[in-house]
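Here is how the chains run, residue by residue.
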Amino acid sequence: MSRTPSVNQPMCPSRLVLEHVTSRWGVLVLATLLERPHRFSELRRAVGGVSEKMLAQTLQTLERDGFVHRDAKPVIPPRVDYSLTPLGREAAEQVWGLARWTERRLDAVETAREAYDEARSRPAPGLGDQE
C-alpha cells in the first residue's frame with residue numbers, strides 16, 4: 001500500500017518538486033511561459049537577471065519534472081521553443097498567484113521589516129542596567 005506524500009516529512013520527494021517550482025528562477029520561468037511559448041533568448045530577456053547557465057539548468061529541471069516542453073525544430077539555424085505542459089500550466093498558475101500576491105503586499109512586508117529592524121536596534125529593557 002503506498003502512502004500519500006507529505007511535504008512535511010523529511011524524505012518526501014514532493015519537497016524537491018516544491019523546491020524546483022518555487023525557486024526564484026523556476027517561478028519566473030513558469031510565469032513567463034504562462035503568456036506563450038518562448039525561445040531561449042526571449043526567456044533570458046524576459047526573466048531579468050538570470051544567467052544563461054541558470055536558465056538552462058532551470059529549464060532542464062522543469063522539463064525533467066514534466067512542467068516544460070522543449071520543442072527543437074530541425075532547421076538551420078536551430079530553433080528551440082519552450083512551452084508549458086498541462087502540468088506546468090497548473091504549477092505556473094499556482095506560483096504566479098503567489099508572485100502577484102507578493103507584489104501587492106510588498107508595502108506591508110517592508111513596513112514589517114522596518115518595525116522589526118527598529119525594535120532590534122534598541123537595547124532590550126533591563127540589559128546594561130547591572131554592574
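See above for the structure.
Since we're looking at a predicted model, the values are computed, not measured.

**A short note on the sheet that holds strand β2 (residues 68-73)**
Then, number 1: Overall, antiparallel pairing links the three strands, which are arranged β1-β3-β2 in an open sheet. The sheet is open, and its two edges are formed by β1 (38-39) and β2, each paired on a single side.
Then, number 2: In this sheet, strand β3 (residues 79-84) lies alongside β2 in antiparallel orientation, the contact comprising six bridges. Pairing of K73 across the sheet is with R79, part of β3.
Then, number 3: In this fold helix α2 (residues 24-35) packs onto β1, β2 and β3, with an angle of close to 95° to the strand it touches most, β3.

**Structural notes on the packing of α2 against helix α4 (residues 52-64)**
Then, number 1: Following both chains from N to C, one finds α2 and α4 inclined at 75°, their axes separated by 10 Å at the closest point. Between α2 and α4, the crossing angle belongs to the class labelled roughly perpendicular. Taking contact as the criterion, the partners of W25, G26, V29 and L30 in α2 are, on α4, M54, L55, T58, L59 and L62.

**Focus: the environment of A112**
Then, number 1: Topologically, A112 is positioned in helix α6 (residues 106-121).
Then, number 2: Among the residues examined, A112 registers a relative accessible area of 47% and is labelled partly exposed.
Then, number 3: Sequence-wise, A112 and S83 are 29 residues apart; in three dimensions their C-alpha atoms are separated by 38 Å.

**As for the nonpolar core**
Then, number 1: Ranked by size, the top nonpolar core spans 22 residues in total, and within it L30 and V68 carry the most contacts.
Then, number 2: For this core, the secondary structure elements donating two or more residues are α2, α4, β3 and α5 (86-104).
Then, number 3: With six residues, α2 is the single largest residue contributor to this core.

**Section: the packing of aromatic side chains**
Then, number 1: In the structure shown here, the tally under the stated rule is zero aromatic pairs.
Then, number 2: Positioned above the aromatic ring of Y116 is the side chain of R120, whose terminal nitrogen or guanidinium carbon lies 4.1 Å from the ring centre.

Criteria and thresholds
Residues numbered from 1 in each chain as written. Predicted model: local features only at pLDDT ≥ 70, side-chain atom pairs only at ≥ 80, totals over all residues. Heavy atoms only, no water. Pairing = 2+ DSSP bridges. Helix = DSSP H or I, 4+ residues; strand = E, 2+ residues; numbered from the N terminus. Contact = heavy atoms within 4.5 Å. Axes fitted to C-alpha atoms, helices over the stretch in contact; angles between N-to-C directions. Parallel < 35°, antiparallel > 145°, perpendicular 65-115°, else oblique. Buried < 20%, exposed > 50% of the residue type's maximum accessible area, 1.4 Å probe, protein only. Core = buried A, V, L, I, M, F, W, Y, C linked by side-chain atoms within 4.5 Å. Phe/Tyr/Trp six-rings, centres within 6.5 Å; stacked < 30°, edge-to-face > 60°. Lys NZ or Arg CZ within 6 Å of the ring centre and 35° of its normal.

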